[in-house]
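Take a look at the letters that make up each chain.
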Amino acid sequence: QVQLVESGGGLVQPGGSLRLSCAASGFTFSSSAMSWYRQAPGKERELVAVITSATNYVDSVKGRFTISRDNGKNTVYLQMNSLKPEDTAVYYCNAAWTTIWGTRNYWGQGTQVTVSS
């Protein structure tokens, strides 16, 4: 059974930092693409960062956010620095891999990040 459990969200002032974690189980973590998405109120869910053998980021977080993974701990992280009010959203962890039947996608339950003074 695939499980993705996010943690580390909370309330932070503008300019502050948070580190999100996503603990994964039930699949071959090292072979999967891991991503962080976010969804702000009234907006569509958007891809923030993805890590495979490389990393990619949405333009709005480049230079501020860093995605990393620890395959020994089956955990993916999102270090968020210089946070802005517009970063406020529910952040979701995603795992994806391809099988002969197609791409499988799994989601965590989400963790709230609020950036406010």
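The numbers attached to residues start from 1 for each chain and follow its sequence in the written order. Given that the model is predicted, a residue must reach a pLDDT of at least 70 before its local features are reported, and side-chain atom pairs must reach 80 or more before they are shown or counted; all residues, however, enter totals for whole chains, interfaces and linings. Here the side-chain values reflect all heavy atoms present in the structure, with hydrogen atoms and water set aside.

> Is there a simple way to explain the pattern of salt bridges in this structure?
Proximity of charged atoms lets side chains of opposite charge pair with each other. In the sections that follow, a salt bridge refers to a side-chain nitrogen of Lys or Arg positioned within 4 Å of a carboxyl oxygen of Asp or Glu. Overall, the coordinates contain 4 salt bridges when judged by the stated rule. Put simply, Glu 46 and Arg 38 hold a salt bridge, and the shortest N to O gap is 2.6 Å. The class for Glu 46 is partly exposed, based on a relative accessible area of 30%. Where salt bridges share partners, they join Arg 38, Glu 46, Arg 64 and Asp 87 into one cluster. For every residue, the accessible area (1.4 Å probe, protein chains only) is compared with the maximum for its type, and the residue is labelled buried under 20%, exposed over 50%, or partly exposed between those bounds.

> I would appreciate a short explanation of the sheet that holds strand β7 (residues 65–70) in the present structure.
The pairing of strands in a sheet happens through backbone hydrogen bonds and is either parallel or antiparallel. The sheet built from 4 strands is open, its strands ordered β1-β3-β8-β7 with antiparallel pairing. Each of the sheet's edge strands pairs with one partner strand only, and the pair in question is β1 (3–7) and β7. The sheet shows a mean angle of 15° between the axes of neighbouring strands, taken without regard to direction. In the sheet, β1 pairs with strand β3 (residues 18–25) via 5 bridges, with the strands oriented antiparallel. When the bridges of β3 are listed, Val 5 appears paired with Ala 23. When DSSP locates at least two bridges between a pair of strands, those strands are taken to pair. The way it works is that DSSP assigns letters per residue, a run of H or I at least four long becomes a helix, a run of E at least two long becomes a strand, and they are numbered from the N terminus. A fitted line through C-alpha atoms represents every axis, and for helices the fit uses only the stretch in contact; the resulting angles, taken between N-to-C directions, go from 0 to 180 degrees.

> Before we go on, may I ask you to explain the packing of aromatic side chains in this structure?
In this description, a pair of aromatic rings is defined by centroid distance and the angle of the planes. Pairing of aromatic rings covers Phe, Tyr and Trp, the last counted by its six-membered ring, and requires centre-to-centre distances within 6.5 Å; plane angles under 30 degrees mean stacked, over 60 mean edge-to-face, and any other angle means tilted. For the coordinates displayed, the defined rule picks out 4 aromatic pairs. Ring plane angle 50° and centroid distance 6.3 Å describe the contact between Phe 27 and Phe 29, whose orientation is recorded as tilted. Ring plane angle 20° and centroid distance 5.2 Å describe the contact between Trp 97 and Tyr 106, whose orientation is recorded as stacked. Judged by its relative accessible area of 29%, Tyr 106 is partly exposed. Through successive ring pairs, a cluster of aromatic residues spans Phe 27, Phe 29, Trp 97 and Tyr 106. Charge-over-ring placement is defined geometrically: NZ (Lys) or CZ (Arg) within 6 Å of the ring centre, and within 35 degrees of the ring normal. Over the ring of Tyr 92 we find Arg 45; its NZ or CZ atom is 3.8 Å from the centre of that ring. Arg 69 extends its terminal NZ or CZ atom over the ring of Phe 29, reaching a point 4.7 Å from the ring centre.

> Could you clarify how one ought to interpret the nonpolar core in this entry?
In summary, soluble globular proteins display a tendency toward joint burial of nonpolar side chains. Throughout, nonpolar core names a set of buried Ala, Val, Leu, Ile, Met, Phe, Trp, Tyr and Cys residues whose side chains join them through atoms within 4.5 Å. Among the nonpolar cores identified, the biggest contains 28 residues, and Met 34, Trp 36, Val 76, Leu 78, Met 80 and Tyr 91 are the most heavily contacted of them. Of all the secondary-structure elements, those providing two or more residues to this core are β3, β4 (33–39), β5 (46–51), β7, β8 (75–80), β9 (89–99) and β11 (111–115). Look past the residues within four positions of Val 76 in its chain and what remains in contact with it is Leu 20, Ser 21, Cys 22, Phe 29, Met 34, Trp 36, Ile 51, Ile 67, Ser 68, Arg 69 and Cys 93. What makes two residues a contact is simply this: any of their non-hydrogen atoms within 4.5 Å.

> What should I look at first to understand the side chain of Arg 64 in this one?
In this structure, Arg 64 sits in the loop between β6 (55–57) and β7. Look at Arg 64 and you get buried, because its relative accessible area is 10%. Excluding residues within four positions of it along the chain, Arg 64 makes contact with Gln 79, Met 80, Asn 81, Ser 82, Leu 83, Lys 84 and Asp 87.

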